[in-house]
Each structure stands twice: as structure tokens, then as C-alpha cells.
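Chain by chain, the residues run as shown.
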Amino acid sequence: MSTVNSKPQLIVSDRGEPFAWAEEELRAIKEAMHHYPDARAATIDALKIVQRHRRWVSDSAIAAIAEVLQLSAADVDGVATFYNRIYRQPVGRHVILVCDSIGCYLTGFEKVYARIQEVLGISPGQTTADDRFTILPVVCLGACDRGPVLLIDEDTHFNVTPDQVSQLLEQYT
Amino acid sequence: MATIHIDGKKYEVDGSDNLLAACLSLGLDVPYFCWHPALGSMGSCRQCAVKQYADEHDTRGRLVMSCMTPASDKTYISIDDEEAVAFRKSVVEWLMTNHPHDCPVCAEGGHCHLQDMTVMTGHNFRRYRFNKRTHANQELGPFIRHEMNRCIACYRCVRYYKDYAGGQDLGVYGAHDQVYFGRPEDGVLESEFSGNLTEVCPTGVFTDKTSGDHYARKWDMQYAPSICQGCAVGCNISPGERYGMIRRIENRYHGEVNHYFLCDRGRFGYGFTNRADRPMHSTIRREAMAAGAETAVVVGIDAALDEVAGQLRKAKGVVGIGSARASLETNLALSELVGPGHFSSGWNQEQTRLYAEALSTLQLEGVKIPSLRAMESADAVLLVGEDVTQTAPRVALAVRQAAKTRALQRATERKVPTWNAEPVKNIAQRELSPVYILDVQPGKLADIADTVVIGRVAEQVRMASAIAHVIDAAAPAVSGLSATQQQLAKTIAAGLLAAKQPLLIGGCSAGEIGLVQALRQVAVALVKAGKQPLLSMVLPEVNTAGLAMLESSTREVVLRQLQTGEADTLIVVENDLYRLLPEAEVNELLGHVRYLVVVDHQLTRTAGKAQALLAAASFAEADGTVVSMEGRAQRYFKVYEPSYYQPEKTVRESWRWLHALKNVAEGAELTWTTIDAATAVLAEKVPALAQVVNVAPQADYRILGLKIAREPRRYSGRTAMRANINVHEPRQPQDENTALTFSMEGYTGPQEDSALIPFAWAPGWNSPSAWNKYQNEVGGSLRQGNSGVCLWEGRQATAGYLPLPAERPSLSDDCFEIAPVYHLFGSDELSARAEAVQERIPSPYVLMHPSVSPVAEGQQVQVTIGAVRFDCPVRYSDTLAQRCIGLPQGLVPVYSGNSAVISAAAGGAQA
Amino acid sequence: MSSALNRGIEARRETHPLTWRIAAAGGEAVQTLSAYEALEGFAALKKALTMSPEDIQKLVKESGLRGRGGAGFPTGIKWSLIPMGPESGSKYLICNADEMEPGTFKDRLLMEELPFQLVESMVLAAYAIGAQTGYIFLRGEYILAAQRLKAAIQAAEKAGYLGKNIAGSGFSFELRVHEGAGRYICGEETALINCLEGRRANPRTKPPFPQQAGAWGRPTIVNNVETLCNVPDIVLRGAAWFKNLAQGKSADAGTKLYGVSGRVNHPGLWELPIGSTAEELMALAGGMQDGLALMTWLPGGASTDFLMSEHLKLALDYDTIAKAGSRMGTGLIMVVDDQQDIVKVVRNLMVFMARESCGWCTPCREGLPWTLKVVDAISQGKGARGDIDWLKEMTRWLGPGRPFCAHAPGAMEPLQSAIKYFKGEFEKGIRS
Ligand SMILES: Cc1cc2nc3c(=O)[nH]c(=O)nc-3n(C[C@H](O)[C@H](O)[C@H](O)COP(=O)(O)O)c2cc1C
Ligand code: SF4
Ligand code: FES
């Protein structure tokens, strides 16, 4: 006779490439789980950990995270798709987030935005052919006194002018 | 109770409810979307706004959501307030901005809650002039069609599917006006209760694909109050027919049994009634011109009766095998025809004892047999040897609700009303009332189980007996338990004792009387400990309980009559010998049969061998009474008359065939001309069934002098329906049998309390939400009372404890104990014949624990059980009790015996 | 590069509870524990641990501190609604550091420059409400703040200001930084709790309030960064002192971290007595840039009503600004200059609001995108007759109490005030 404790049924994706965890990813997720009274709370952490390692979160990653957190893929994907900063589609090596809220609007972000698009030859939501950049709009970055503001990867750039754009982007290879 | 004031009028209401529910219960119309009587309130759609005033002097008031506001004493509200009316109109206008204009081709059209609410709020002019957002749809399997563009984001689907039914593969994705409801990716919806989405969704996002494929508008179908034939639970259904074909099954509200929900077998398994190979007229085999050969000849009713009666008169002896999927009337008619000594249920001795034991256990003094509703209020559940998700699925859904009683308790402690669904969930988090499972494998309810104990039958019996002994030391003690086992028994016993309302569920699926008796020990112990446990026993078929209440012989007895030559004629009614006995045994048996009569609505293998095949009516074309596992006798009524569309179709209820045969054979007069006449005989002959005459109103029942209409008022096209046969519109078929009429002329709707409700409709309410109008209070009982009669209400005395069963001999190494495994789709005979269901039936396999399997997963093994031998691929399960072999019922050949010998098959790997 | 702080004023210990330490550190961030301790760091905590939690609650109530997250709810009253005593079980303290209200950049500064101050504030507040666990719910884009807070937490843990048995008091408190994944609605306190639990950040119904059933169903207090950062000095210097900081400019107490953005000469942040005026702020910000004049201004974020130049002299406090038909909100004023097209400004706000709707309730989910489309049409001169009346109707139907939470009503505030003050601009966009 044996006992089994309750475990939710898991949904494993049959779409997309097979998923293999990197050890650090798993370690980081398990670590995050300890910070909350319920492992579900580590969902966003887990998504961000995966995204940090793989740039974006694929269907198979959703299923794999669900398995680790003992949640359904539907739950994890519901969370992943709710938030602006979880990418469920491939993005380039560098993501340019352009604040398009009122502070930056008043200080002229539109010209900067247009310049970025012109330099890279892509529109918001698109990725350059060389996989280098993806452009996305982002809500107010909390630096309205120093707009226009860009967040490229982990670097915040303040008071950006259209003229600075080319030079700024060159830092990212 | 509370006094509330609505638009200047005073009402007494249940003060523990919310205002929306209170208004609806009072019969007042307030539009709503996100609220559902079974799901509670969450306040997101904002459709149910009303004006609330601080007191009688307040004239300004403020808009509140009625579903989120308690109906407490001295509440003053207005539904008619101008601002409230205007706001509600705006809400529908917003919902409509993105809703497509596809009502004319939408499978929800005509029974759509969104349509009803749009009309109710008065939104009739489109001001939105911009583009609509669009979504892609998903492929969700054979049952459900997905059309996301129609979504109004009421969140009901996810709340039902995840929170209510425990499904894992439906979710909500995205945000703002791009929220999307569906699976993480295309694929079959996995929940056994996915079909309820079609009714829970207030618009046409989730619609019934099996119905959509031969679609008819709700108002264009003919309905009858009916009972699901899928299992022994006895859910109430409302089948809809047009042009001589069942087009869909909708839930028929029953306050005690199924209330708003069915399982997918019940909803989508109706296709067997529409099969092209159904015997829709009777056939007799006659000598053909060429000597020796036989041909089946179509014969009319009278010719069939004459011929078969002649054969019966000639017979040395006649033996009849009835069926648990046939009505009481049919089984009685057969027994009357062949005589009780020659009538068999078709069950062998073991089964007969098993069902009798189950029935008598249920009737123990001190225990209560729960309706599904009662199960939902239990606060601890013990399931023994019964995978209810597969065998009595609607019970599993009830158990899922029982697991949530703890959440309701916690919410009440924090003064949060139980209808306030989201905070109830938040407060409880993952805490559940305890559910304990003893079985050969965990089953799907394991995800809500506190503890699952896996073991072979003997081990389950020991564990259950040990639990009984912990509860009451007077119960026989079990020796030789390990420390872990003792601890488990203690935990489970303590959980049951701590509960206000413990629920015990067992059943007959394992075919083991020991399991029934073991659960009985627990029940008796709980009674002795001062509890009044709920006790439920799952029975295999829709009328197993009814058949068990009739006098009948075991299969062995009647077959011996054939084998010894005492009888040479066999009548099989709505049964398939090949599902009862191994093939070789049936063939051998048929060698002894001079004349085989089969009365059935399906072309079974047995029917294929009949000399005379009499075309029986299925539940869709028949009146009949069945008894559920709750002991509730319920009647189903004929939905339509097939001969109206195709006069050559001459199906009759089996009981009519059998009664007529008896009378033709004996030259007597027909007395069972109506179902009432048949049930009267039943009541007289079987005292335990005396109440069957009260199960449903008799044929003379009228409302306002009217019969009950099977067709909605708007039923259209009747004059043209048969124009392909004859341009003269024939008279509608007449129903002399019952209080229903095959017509739209008759009583319809909720104004008068009706005991017969073929379909839900009320003025302004065309969707299933119309049931609100038929209830005492929304989500409560039907005003006329809940239909059916519970036959086992009177109790027998408690017999005390039984001695522990003898230990079974241990198994040799290549020998495995058979564990029947059930599949919602595939194990049930009738639904397995439905096309849509067939897509969901797994291919045959045998289930083994990897540690004992002689071959790798996917490879063939040879299974030998007595004289039965077959090859099958192995499927692994690491949660199956180790010395068991799981045999999927209905998918592998019929066997007889307790254990199987497994050897690696020569065939090798199979994909 | 951080925001310009207190340009033109002197921040002193006696008058600037939020920012004096930066001034004392020579305008630099106070990044080490020793530097913070040298500036009376953790003195308040040590003092608090000698008091009873109820006394601290009382002190905060008496101080008149009101929530700086936007709604201005009295902090002491909020705390007093949490169940206390041995039976109250596990409780949570959450710092709302989601700061996404367009126009708002005050919490960023407090966290980047004074991470220890927030840590101390949280331990103190947790002690006052009996919470064993705390989370700083930080928006994911505040990368520097995250680094500095995490470092501060680690240092505080090491020094025994966090963790088990803090400073030998028997009180234990665990603190974590939880980084969000971006959605404005996460700032709404109940949506925040859902997000923290790893769910979709839909707001929750109230009642039950978080104090009753919040994170993981347990009693929970959510406070804004700035709100919490006031607490240590209230404990150190007393309620009366805090009240007097307003210098009679307002019935409200304390100081406020005000800010100015838009095309002014020196945008930035200033800690001033609460009730200071926009005019004073404009003066500190050096006035409008050359060639520009003020057209209108938002007193405290994208979800407040526009005010006009005649309102510049009003005390920026909760009640005064409410009387003028707006809300103080976060108190960071945003100046719209006369070269802007007001309809396009409103359009920008509506893009934000429609996109950031959580999608839970109908009026917001369906109403905001429609509103945006109409404003957009008007901004392109493609408005239809009746559009302005329709927009006004929407401001009514999406107003407080109609949608599920305060997001959509917030979205309507700039719209309704823009129509009130600039109807002509809207009319220009209607096709005749
Ligand atoms: C849409 C919306 C966004 C909000 N965003 C924030 C925010 O970013 N930061 C914040 O402190 N409060 C925000 N709030 C207010 C919070 O709901 C809550 O009132 C506040 O965190 C309470 O803290 P306080 O009492 O200290 O002000 C927001 C409210 C709404 C309706
Ligand atoms: S108003 Fe409604 S849809 Fe908008 S953010 Fe609040 S709950 Fe979500
Ligand atoms: S039914 Fe009340 S808000 Fe949806």
C-alpha cells in the first residue's frame, strides 16, 4: 500500500522546441519559491529568470515553469501574458523600451521614437533582421523630470535627444 | 430574513443573499452577466447596477452593483431609476462594441443570454463607429466550438472551468480589451465537464459542436423532460429534436440532482440515438429462395408480433434477459412475458449479490443517501474503490464542491458572505475540506485529495475496516497493519469524525462485494459514533437500482435452462450478450438457442444474430421509468415520434413490444396502452416500487386545462416539414400516453408551477438562465418541487458489523489481480456508440506498474484470463497498485475471473 | 544621474523628515549602513521597539500622516483596522513601490538615495501592525533602486535590524524586494496583492479590505514608499512636531515630496511643507522655458483633473485641490505649455489608460478604448457630431463607483477637465 499526496495535473506543451533547464535557472527559481508562503508567487520571478536566460518565454518554457511551480500551464500563461514586460515572442539581443507617457510626450519623445525607428528600420514591436534590437513602448518610467527616457536592457537613458540616438545605439552590439 | 424596498415596494427576502439574487428570486428582471447562481458574484461586468439609497429619505442614491451588495434588512433600491437604466444600457453598448453581428449564423442565437440582456436593457442603436478587435479561435476537440470574437469577457468560463470544475487547461490570457479565454494552445479540453461551458458562457464563444454540426434553433426543436442514460446518477436532461434527429442535449435543471451541470458523456453521448445503423423497423430472418440461406425481411408491427408470438407458442421454453439500461416497465414486461422464473437481469450470481448488498447497505438505519446537492455540502469525503470521475462523473463534480466547504467556513468566520466568490477563494487559498481516496490508482480527484491510499482490493478493504475500527473500537480490528497504515487509518478516521457532515462514497465498479461491505463498516461505525453519515454507492447503469428491485433470476440459472434444453427460445431485451460473456461462451450458448428474439434500439452483436429483431425505442422515443443510485425513481418522456417524418420507422418502447407479444401469444387484450397503465401494474406487483405511479404526473395532468407543449411557441416550419412526402400537412402525432403534446399549442413557461418542464423558456429569457424563473429562489428548488420519488426513504434496521472477510490467497509471480479501469468515454455501452464520443475513446491497452511489467511501455503483452486470451499494448502507471493489471472496461474483450496471467507477446512493439 | 532635489532650498533635520539625510550627506545617496546610522539611522526603530505597537499606531494617527500613494487615506486609521493580539496570526506589510502614475518620480528618488530609510520605516511599521513578513513591491524598471534596496536589506539583516529577534526585542521581521513585470494597475493595492501572489493583477473587491483579508488571505497593510518614509522621524520627534511641519499652510500634516515636470527650466523634486502652492513650486523650478507660457497643469499625475493658472495659488493639499475640482494625487505637478495641442495631450493620456486597463470590468475594458478612438478622431479633425456629448457621457459612466476600481475613474479626470476648460479645442476637431 502506498500513499500519494495531491498534485495538480500538469499540462505539458506539445508545441515548440523541447525545453531543457539550465541549472542556474532552476536554482534561481527554487530560491525564489522560498520567499513566499506559496510557490505560485514565484511565477513572475520564474518568468523573468527564464527571460533573462533566453530573452523570451516560449510555450515550452511556460509548461516547464508550470511543472516546477506545480501550477497549470494555463495559469502560468495567464500571468505571463498579463504583464507588459514578459515577452512571449522572440526579441532581439537588446530591447529598447521607449517611454511614451505624458512626461516624455511633453518633452518630445515622439521625435526620439521616430529617430530610433528610422535608424533601425523597424517599427515598434519589431526586431531588426540581425536580431540586435527590438523596440517597444513602455509606460512612464518614473523620470518625467528627465524625459525623454529610454530603458535599453538595464540601462536608463535620460534627456535623450534625437541627435544622440545613433551614438547611443552603437553601445549595444 | 430581511425586508428590502425595491422601487417603493416592500419585500421579504433571504437576507444572507446578494441583491441581484434576491431580485431574481422575487421574479424581478435585473440583467447580469458575470454572476451565476452556482458561481457566485465577482462584480466585473457591471451589468446588474441598481440605485441604492441610504434610507427612505434619500433621494439621490448611488449606483451599486446588485450582485456585490448584501440584501440586508432596510435596504432601499430602485431598479427602474433613470440613471440605473441608462447605465445598464451603456454596459451592453460597451459589450457590443466588439461583438460580431453574426447572430443569424451563431449557434447560440435564440438561446443567448447576451441577446436576452441586450433586449432587456433596451440597447438597440449602434453608436460605435470604429473597427472591432478580432481574435483567432482554437480547435478544442470534438465537443466544443470556440469563437472568441463573440466574447464579452464575463470570466464565467474560467471561473466555472477552473474554480468550479477543477479543470486545468482553460485560462484567461492578455489584458485590457485583448483578454482571451481558451487553452494554452489548441487541443481537446480535458475536463470531463467541459460541455457546461456551452451553457455557462452567456454568448456563443463556447458552443456545442455536436449540435452545431446539425444545428437547429432552440425555438425550432421539440423537447421532453428526460433522464440521462449515461450512468446511474440520474441527471435530468432536455434533449432537443428536429426532423427526426436528436440535435442536442441541454441540462434540465433539478434542484437536488444535477442542478446546472452535466458531464460530457451525458451531454455529448446522445449520438447513438441518431445512428444510421439503428434498427428503425423490425426484421425477421426467413428461409430464402436459395436453400439454406437466410435473409432478413422487414416486417410491419403486426406481422412481427404474429410471427414472434407464433414462435413463442411453439417454444419448448422461453427465457428472457432484461437489462439495466432498460426501463422498469420494460423489465417487468419481459418478466411478465417469460414468467419470473425465466426472467434474468443478465447479471451473474456475484453481481446480483453485489448490487443487493449495495442497496441494502444504502438502506441502513442512521445513514442518509445524499442527492448530489447534499454531497456538495459534505465537509469530509471518503471514496473507496470507486473512480467516480469515470463511473459517475457528476458525483465527482459534487465532491469537488464538497472540498470547498472549508473555504465557505473560513469566509464565514471572517464575515465574508459565501456568495462573494473571489474573497472566499482568497481567504481559503489552498485549504480544502479533506477528501480521502482508497483505490487501485489515484484517479482524477487526487488533485483535491488530502490523502490517497493505493492498494489492491484486499488492502482497501483492510484499510477501510481499520478506519471503522478507529472510529468505533467495537468494529472488528484488523491485524497486521504497519505503523504507517495505522497512522493513515487514524488520520482518516479523525477527519471523518471531525466533520459535521461526512460523506462516504463506494460502489460496484470493482465488482467486489468486499469493498461495499468494508464501506458499510465505516458507515456503521460513524453512526455508532453519533454521526449521520451520507452514504452513496455508485451503480453501473442508468437503471441498475430499478432492476435490482425486481424479482429476477441470475444469468447462470436461465442459461442453464437453455443449456439443458429446458428452454430453446431466448429473448434479449436492450442487452448485448457479448458484453456480458466472453465471445466463445456466447457463441456456444447461441448454439442451444433455436429462436433468438432481440428487442433493442442498437444493432449490437447480439442483435446481429437475432432471428427476430424488434425495433425498440431509445430513451428519445420512449416513455419509461428508471431508478438512480440515489434510489430516485424518475421518468423520461418521448421527445418525438419518428414515424411522423418517416412512416416506415416503426419503433416502439420495448415494454410495448413485450406486452403486445404476451397478449398476442396468449390471445389476451392489450392493457398496457399507456405508461400509466404499465406503472400501475408495476406498483401493484412490486411493493417496493409502489411509489412509481407518483414519479411524474399522469396522462390526465393539465395546466390551465392545457397539455404541456413539447415545442416552443415560436416553433417554425411545421407545415413544410413533411412536404417532401406529401404537401398536405398531416395531423401532429397524438400523445395519449402522457400529459405532453407534440405541439407548440399547450402550456409553456414558468407562470404556473409545472411538474413537467420540457425546456427552459420564460418571456424575455430564452437562454438556460430562464431556469431562474422556475425556481423558488435562484439556484434553489423548482417551484413545483424536485421531480422523482426517492424510493429508499424508509430505513431498515442496522445490522451491525460484519466479520472481516477471509484473506485472499496470494498471487503467483506472473499472475495479476484484475483491476477494472473505467473511461468516461468508452466504458459505457451507449455513449460509446456516439460518433463524437468515439473520437475520445482511447485505444485498447492494459495498465501495469512499470516495476512488474514484463515488457517496455507500448509493447504488446498477452493476457490470459480463463479461456479469454488477447494481445494488447502495455501502458505504464507508476501509481497503480503493483500487483494489479488495469483492464479498461469496454475497450478490451469481456473476461471472467479475478486474476490474469501476463506473458510477453510475440508481436513486439506497437506504436 | 538622479532627479534634481531641493534645488534652491535647504533641507534640514528639523523640517525635512524625508530628505534631510541626503542634504546632510552632501547631496549624495546614503548607501552604507554606517553612513545611515551616522544620520540617526535606526534610532527611531530602537526607540519604537521600547514602545508598544498600539502606541506607535496611536502616534501615527495623532501625527495626521495621510497616505502619499494618491488617495490620502489617514495612515494611522488604516493601521488601526488591522487585527492585533496573539490570535491575529500571520500578517503582511507591503510597501507600494510600483510608481507608474505618469508624471510621478518621487519614490524612485527615496529608494535610490535613501534605501535604508525605507528599510527602517518598514521594520518600524511592521512592528506597529504586528507583521512578520514584508515585501517591497518594486516596479521592475527601477533597476538601481532594486540593487540598492537589496544591498540595504542584506546589510540590515547582518546588523540585526531585520530577521529574527530584532535588536533583542523578540520581534522578527523578514523583508523582500518583489519586482513586478510591468502593469500600471499593479499599483492599485488589491491588484498589487494579486500580482504578489503570482496571479493576474486584477483588483479585488472591497470589502473585505486588505486589513481583513489581503495577501494570501491574511490581514495586510499596503503603504506607499513616501508614506512609510515619514514614520521614523514621527517616532523620533513626535506627532506634534510632524503636524507643525505644515507651517500652517494646510490642515494636513508634515511635508510632501513635490515635483515639477514639463517644459519648465528646472524640473525636479522638492520637499516642502504640505500645502505649499504650485506657484511656489513653479518659482523653484525656474518658471517656463523660454517662449513658453503655461496653458494648464496636472496637480498629481495622469489621473487627476487639469487645473488652470488661477489655481496656481492654491495650497497643494488633499482637501484644497479637491475643492478646486481635482485631486492632489501624488503631488507632482505636470505643466502643459501653450504650444501643446490639448486634445493630443488628452489622447496621449488615454492611450496609456486604455492600454493599462486590466480588462476585468466592462466600462474600463471596453469604454476606454472607445473613448480613445473618439479622442483620436477629434485630434485628427475627424470627430463626429455628438462626440463631445458622448465623451461627457463617458466621463459620467466611467466615474467613481461605476467601474470596478479607481483606474477608469482616474482616466476620466483629465478628460472631463479638458472638456471643461478647452471645449473649443475639442470642437475644432469635429467635422462639420
Ligand atoms: C490605478 C491605480 C494605480 C495606483 N498606483 C499606485 C502606485 O503606483 N503607487 C502607490 O503608492 N499607490 C498607487 N495607487 C494607490 C494604491 O491603491 C493605494 O491607495 C496606496 O498604495 C495606499 O498607500 P498609502 O495609503 O500609503 O497612500 C494606485 C491606485 C490606483 C487606482
Ligand atoms: S476599472 Fe476595471 S478593467 Fe479598469 S483597471 Fe479597474 S478593474 Fe480593471
Ligand atoms: S452580474 Fe453584477 S457585476 Fe456582473
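Procedures and definitions
Residues numbered from 1 in each chain as written. Chains lettered and ligands numbered in written order. Predicted model: local features only at pLDDT ≥ 70, side-chain atom pairs only at ≥ 80, totals over all residues. Heavy atoms only, no water. Helix = DSSP H or I, 4+ residues; strand = E, 2+ residues; numbered from the N terminus. Contact = heavy atoms within 4.5 Å. Areas by Shrake-Rupley, 256 points an atom, 1.4 Å probe, with all protein chains shown as cover. Buried < 20%, exposed > 50% of the residue type's maximum accessible area, 1.4 Å probe, protein only. Pairing = 2+ DSSP bridges. Near = heavy atom within 4 Å. Polar contact = N/O pair within 3.5 Å; in protein donor to acceptor, adjacent residues only side chain to side chain. Nonpolar A, V, L, I, M, F, W, Y, C, P; charged D, E, K, R; others polar. Core = buried A, V, L, I, M, F, W, Y, C linked by side-chain atoms within 4.5 Å. Domains from an automatic or database assignment. Salt bridge = Lys/Arg side-chain N within 4 Å of Asp/Glu carboxyl O.

Draft legend 1. Structural view of the overall build of chain A. Looking only at helices and strands, one finds seven helices and five strands in chain A. When the elements of chain A are put in sequence order from the N terminus, they spell out β-α-α-α-α-β-α-α-β-β-β-α. A principal-axis box enclosing the C-alpha atoms of chain A has dimensions of 75 × 35 × 25 Å. Once local pairs closer than 6 in sequence are excluded, the contacts in chain A between residues at least 24 apart make up 64%. Surface summary for chain A: the accessible area is close to 7,300 Å², and the carbon and sulfur share equals 46%.

Draft legend 2. Up close: the pairing of strand β5 (residues 255–262) of chain C. Residue and element names in this part refer to chain C. Summarising burial for β5: eight of the eight residues are buried, a large majority. Of the two faces of β5, the one holding Thr255, Leu257, Gly259 and Ser261 and the one holding Lys256, Tyr258, Val260 and Gly262 are both buried throughout. Bridge analysis of β5 against strand β6 (residues 268–273) gives six bridges, and the strand direction is antiparallel. Within β6, the position partnered with threonine 255 by the bridge is proline 273. Following β5, the chain reverses through five residues before pairing antiparallel with β6. Pairing geometry for β5 and strand β8 (residues 332–337), over four bridges, is parallel. Residue pairing across strands places glycine 259 opposite leucine 332, the latter belonging to β8.

Draft legend 3. Spotlight on the side chain of asparagine 575 of chain B. Tracing the backbone through its elements, the reader meets asparagine 575 of chain B in the loop between β23 (569–573) and α21 (577–580). For asparagine 575 of chain B, the contacting residues outside a window of four places in its chain are Ile321, Gly322, Ser323, Arg325, Ser345, Leu580, Asp600, Thr604 and Thr606 of chain B.

Draft legend 4. Looking closely at the site of ligand 1. Residue and element names in this part refer to chain C. Every one of the 19 residues lining ligand 1 counts as a neighbour, but Gly69, Asn96, Asn223, Asn224 and Thr227 are closest to it. Between a nitrogen atom of ligand 1 and a main-chain N or O atom of glycine 187, the distance comes to 3.2 Å. Glutamate 189 has a polar backbone atom sitting 3.0 Å from an oxygen atom of ligand 1. Here ligand 1 loses 90% of its free accessible area of 610 Å² to cover by the protein chains. Looking at which element gives the most residues to the shell around ligand 1, the answer is strand β4 (residues 220–224), with three residues. Each residue belonging to the shell around ligand 1 can be placed in one class, and the counts come to five nonpolar, eight polar and six charged.

Draft legend 5. Seen up close, the sheet that holds strand β26 (residues 624–627) of chain B. Pairing is antiparallel across the open sheet formed by three strands, whose spatial order is β26-β27-β30 (chain B). The open sheet has two edge strands with one neighbour each: β26 and β30 (789–790) of chain B.

Draft legend 6. Expanded view of the nonpolar core. Counting residues in hydrophobic clusters, the biggest one holds 459 residues, and the most contacted among them are Tyr160, Leu382, Ile467 and Ile571 of chain B together with Ile136 of chain C. The greatest single-element share of this core, amounting to eleven residues, is contributed by helix α7 (residues 115–129) of chain C. In this structure, isoleucine 467 of chain B is in contact with Leu382, Leu438, Ala489, Ile492, Ala493, Leu496 and Val522 of chain B, ignoring residues within four places of it in sequence. By size, the runner-up hydrophobic cluster in this structure holds 24 residues, among which are Trp270, Ala285, Trp297 and Ile333 of chain C.

Draft legend 7. Helix α9 (residues 328–338) of chain B, seen in detail. In terms of burial, α9 of chain B is a largely internal element, ten of the eleven residues being buried. Positive backbone phi, at 90°, marks glycine 339 of chain B, one or two positions downstream of α9 of chain B.

Draft legend 8. Region of the structure containing the environment of leucine 415 of chain C. Residue and element names in this part refer to chain C. Inspection of the secondary structure puts leucine 415 in helix α18 (residues 407–428). In this structure leucine 415 comes out as buried when scored by relative accessible area, which is 0%. Sequence separation between leucine 415 and valine 235 is 180 residues; the distance between their C-alpha atoms is 41 Å. Here leucine 415 is in contact with Val346, Thr371, Val375, Leu391, Thr395 and Phe426, once residues within four sequence places are set aside.

Draft legend 9. Quick peek at the domain arrangement of chain C. Residues and elements named next belong to chain C. Partitioning chain C into structural domains gives domain 1 (3–241), domain 2 (245–337) and domain 3 (342–427). On a C-alpha basis, the centroid separation for the pair domain 1 and domain 3 is 34 Å. At the junction of the two partners, domain 1 supplies ten residues and domain 3 supplies nine residues. One can count one salt bridge joining domain 1 with domain 3. Across the pair arginine 183 and glutamate 356 runs a salt bridge whose closest N-O atoms are separated by 3.2 Å. Linking domain 1 to domain 3 there are three residue pairs in polar contact (both at pLDDT 80 or more). Tallied by class, residues from the side of domain 1 that touches domain 3 come to six nonpolar, two polar and two charged.

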